[in-house]
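Observations on chain architecture
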Amino acid sequence: MNLFSVAINEKYHKEALRLQRSVPLDVKVFTEDSDKYKKINDDPLINALWHKSNFANYIEKAKGPVIFMDADMFTLKEDPFKNFKVKRTTEMAYVPYKGKWGLPDQERQKAFDFHGHKINSGFMYFKNLKIAQKVCDQWQYEYLEREKLYDVQKGTSKHEFDEWALMIALMKLGTKIELLDGKWNNWHLSDREEIKNSESIFIQSHHHLDILD
Amino acid sequence: MANPLSTNSKIVVFDSDVNLNDANTNNVKQGATIGDILALSGGGGGGGGSVPLLVADRPVFDASKAGDKVYFNGEEWIYGTSDWLEQLGISGLAGVSAGYPVPYNFTWNPNRVTTIKKSLLTVENLNPASYYGFNLSASDAMIAAETTANITWDFLHYPLGAKIQQITIQAGKYVGPSTNVFFPFAIDAFEGVELLTDLEDIGTGVAFRVNITGSGGGPSAVTCSAAAIDDFFTKLPSTTKTATLNVSDFTGGSAANASIATAKGYTVVQ
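A brief look at the structure comes next. (Residues numbered from 1 in each chain as written. Chains lettered and ligands numbered in written order. Predicted model: local features only at pLDDT ≥ 70, side-chain atom pairs only at ≥ 80, totals over all residues.)

1. A few points about the overall build of chain B
Helix and strand counts for chain B come out as four helices and 17 strands. By residue count, 36% of the 270 residues in chain B fall in the buried class. Looking at chain B alone, contacts between residues at least 24 apart form 59% of all its contacts between residues at least 6 apart. (Helix = DSSP H or I, 4+ residues; strand = E, 2+ residues; numbered from the N terminus. Buried ≥ 20, exposed ≤ 12 C-beta atoms within 10 Å, placed from the backbone. Contact = placed C-beta atoms within 7 Å.)

2. Concerning the interface of chain A and chain B
Contact with chain A, which involves 21 residues of that partner, is made by 20 residues of chain B. Broken down by element, the residue count for the side of chain A that touches chain B peaks at three residues, all from helix α6 (residues 192-197) of chain A. Among the residues forming the side of chain A that touches chain B, the class breakdown is five nonpolar, 10 polar and six charged. The pairing of strand β6 (residues 101-102) of chain A with strand β17 (residues 267-269) of chain B spans two bridges and is classified as antiparallel. Paired with A:Gly102 across the bridge in β17(B) is B:Val268. (Nonpolar A, V, L, I, M, F, W, Y, C, P; charged D, E, K, R; others polar. Pairing = 2+ DSSP bridges.)

3. A word on the sheet that holds strand β5 (residues 75-80) of chain B
Residue and element names in this part refer to chain B. Strand order in the open sheet made by the four strands is β3-β4-β5-β6, with mixed pairing throughout. The strands lining the two open edges of the sheet, one partner per strand, are β3 (53-55) and β6 (100-103). Shown here is a sheet whose adjacent strand axes are inclined to one another by a mean of 35°, direction ignored. In the sheet, β3 pairs with strand β4 (residues 69-72) via three bridges, with the strands oriented parallel. Paired with Val55 across the two strands is Phe72, which belongs to β4. (Axes fitted to C-alpha atoms, helices over the stretch in contact; angles between N-to-C directions.)

4. Let's talk about unusual backbone geometry
Residues and elements named next belong to chain A. Unusually for a residue other than glycine, Asn9 sits at a positive phi of about 90°. Along the polypeptide, Asn9 turns up in the loop between β1 (2-6) and α1 (10-22). The backbone of Phe161 shows a phi angle near 60°, a positive value even though the residue is not glycine. In this fold, Phe161 is placed in the loop between α4 (129-149) and α5 (163-173).

5. Focus: the pairing of strand β7 (residues 119-126) of chain A
All names here are of chain A. By the criterion of burial, β7 is predominantly enclosed, with eight of the eight residues buried. Strand direction decides the pairing type here: strand β5 (residues 92-96) and β7, joined by five bridges, are antiparallel. From the neighbouring strand, Ala93 faces β7, where its bridge partner is Tyr125.

6. Some remarks on the packing of helix α2 (residues 44-53) of chain A against α4(A)
All names here are of chain A. As a packed pair, α2 and α4 sit with axes 8 Å apart at the nearest point and diverge in direction by 155°. Here α2 is positioned roughly antiparallel relative to α4, judged by the angle of their axes. On α4, the residues that touch Ile46, Leu49, Trp50 and Ser53 of α2 are Cys136, Trp139, Gln140, Tyr143, Leu144 and Glu147. Residue composition of the contact of α2 with α4, grouped by class: seven nonpolar, two polar and one charged. (Parallel < 35°, antiparallel > 145°, perpendicular 65-115°, else oblique.)

7. Things to note about the environment of A:Tyr150
All names here are of chain A. When you line up the elements, Tyr150 lands in the loop between α4 and α5. For Tyr150, a count of 15 C-beta atoms within 10 Å gives the class partly exposed. With 33 residues separating them in the primary sequence, Tyr150 and Lys183 have C-alpha atoms 33 Å apart.

8. A few points about the packing of α4(A) against α5(A)
Residue and element names in this part refer to chain A. The N-to-C vectors of α4 and α5 enclose an angle of 125°; their axes lie 8 Å apart at closest approach. With respect to their mutual orientation, α4 and α5 come out oblique. α5 is crossed by α4, and the crossing has right-handed handedness. Between α4 and α5, the contacting residues are Lys134, Val135, Gln138, Trp139, Glu142, Tyr143 and Arg146 on the first element and Trp164, Ala165, Leu166, Ile168, Ala169, Lys172 and Leu173 on the second. Taken together, the residues that form the contact of α4 with α5 break down as nine nonpolar, one polar and four charged. (Left-handed = near helix turned anticlockwise from the far one by under 90°.)

9. Re helix α3 (residues 226-235) of chain B
Three or more residues of α3(B) are buried, namely B:Ala228, B:Ile229, B:Phe232, B:Phe233 and B:Lys235. The inward-facing, buried residues of α3(B) contact β13 (186-191), β15 (223-224) and α4 (259-262) of chain B.

10. A few points about the environment of B:Val222
Residues and elements named next belong to chain B. Position of Val222 relative to the elements: it lies in the loop between β14 (208-211) and β15. Take Val222: there are 23 C-beta atoms within 10 Å of it, and that puts it in the buried class. Note: C-alpha distance between Val222 and Ile169 (53 residues apart in sequence) is 8.8 Å.

11. Examining the sheet that holds strand β8 (residues 177-179) of chain A
Residue and element names in this part refer to chain A. Spatial ordering of the open sheet is given by β2-β1-β3-β7-β5-β8, a layout of six strands whose pairing is mixed. Of all the strands in the sheet, just β2 (27-30) and β8 have a single pairing partner and so form its edges. Direction aside, the axes of adjacent strands within the sheet are offset by 30° on average. Pairing between strand β3 (residues 66-69) and β7: four bridges, direction antiparallel. If you follow Val66 over to β7, its bridge partner there is Phe126. Lying on the sheet, α1 is in contact with β1, β2 and β3; it crosses β2 at an angle near 170°. Lying over the sheet, α4 contacts β3, β5 and β7, oriented at roughly 150° with respect to β7.

12. Here we look at helix α3 (residues 106-115) of chain A
Residue and element names in this part refer to chain A. Inspection of α3 places Arg108, Ala111 and Phe112 among the buried residues, and these make up the whole buried set. Seen along its axis, α3 keeps its buried residues to an arc of 95°; they face one direction. The exposed residues of α3 that point more than 90 degrees off its buried face are Gln106 and Phe114. Looking one or two residues past α3, Gly116 carries a phi angle of roughly 85°, positive in sign. (Arc of directions from axis to C-beta.)

Take it as geometry only, folks, not as evidence of what the structure does.
Structure, rendered in structure tokens:
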């Protein structure tokens, strides 16, 4: 199992360090220090998310499955992947957002209707590096296409983040998807006691750097 | 103890030298009911010395009443004139024109109010059951509705309503000093929604949501009908911001008509 994350900007460096310390396996983190890093956009958020969408192309070799985790994730479990299982035929797996989404633009609405859910890209399983790279090739392209449409006067902005681009990409790829239980990425909790008592395996802190020391 | 005054109670005026124990004499010069006097204030004008009507329901937009005043829920309201609303700084908003009611002491002015980036609205001390207001907590604080009552969330009641960027309604959880206490309130309606011009997703925080993630024993959803949510969508101003309205944790959320809000530029989760 190959664990990977992307951390561009100082805040994410700290969070990635927390991720690495909490997971008892090697987590490789792509940062600005990599030889393959190039600034793609002057906006720090767009720049960071594009590198996330291209993450698999920074992995040169990987035997077996690839798991991507956002830098602001962490676990309190001693052996977090002990019970991780997907079907043999699954090429990619992730935790979906709950609920039905209504969007102000047709392209994203079409993507939602295609999948029937919104994807959370914080924790993603790929069967192997080849599949991960194929997804990332399309994902980074679609992300830049979405970025061209960003116009606050039209209600589209960088705050739609990377996930709609991923959904659009997966519409075109026909990747075999499996949906994971929410315990593999719980992004709802922000209270220290609730996190400690949670059965969730991975927690995503979303900017609460001090959520756990 | 005597009954309090009602609209049928009579006010009588005596000559100054009348014997007050002799109210049935011919010294009584005139008489009128409380209702007669209140009715005098209902014909418009609103300013000066006229007595505003007492009303049981929250005032709603009525162009024909521009300039009138009423008493509602212990507070004086005025159906704003164009000039009045312009002075308040809200005249340019969709749905806000002459006849739009505001509390008489409403003082919001966009040039004087600092934008609130993140606040949680709270309803406190609800008595009687129907309450029309909320306090704005300190930025980022989390305080809950302390009630089991049906409530109306009125974004107008406090003067900062129009500059709120993010609203989180805590699902009946009150974090007490030593224990959690839960108040399963129900939301009947939203008012003053026209003024929510600044709703916006900030980072990963969405513009509007219900928070039900409290630990142990809290409600799994907030009672609020699809009709009330649709009315909220209808009253919202159009937006060019990235603003997500997550109504999935309202009991009526899944049945709400998201297209009302998406047509105005919002993303809706239900």
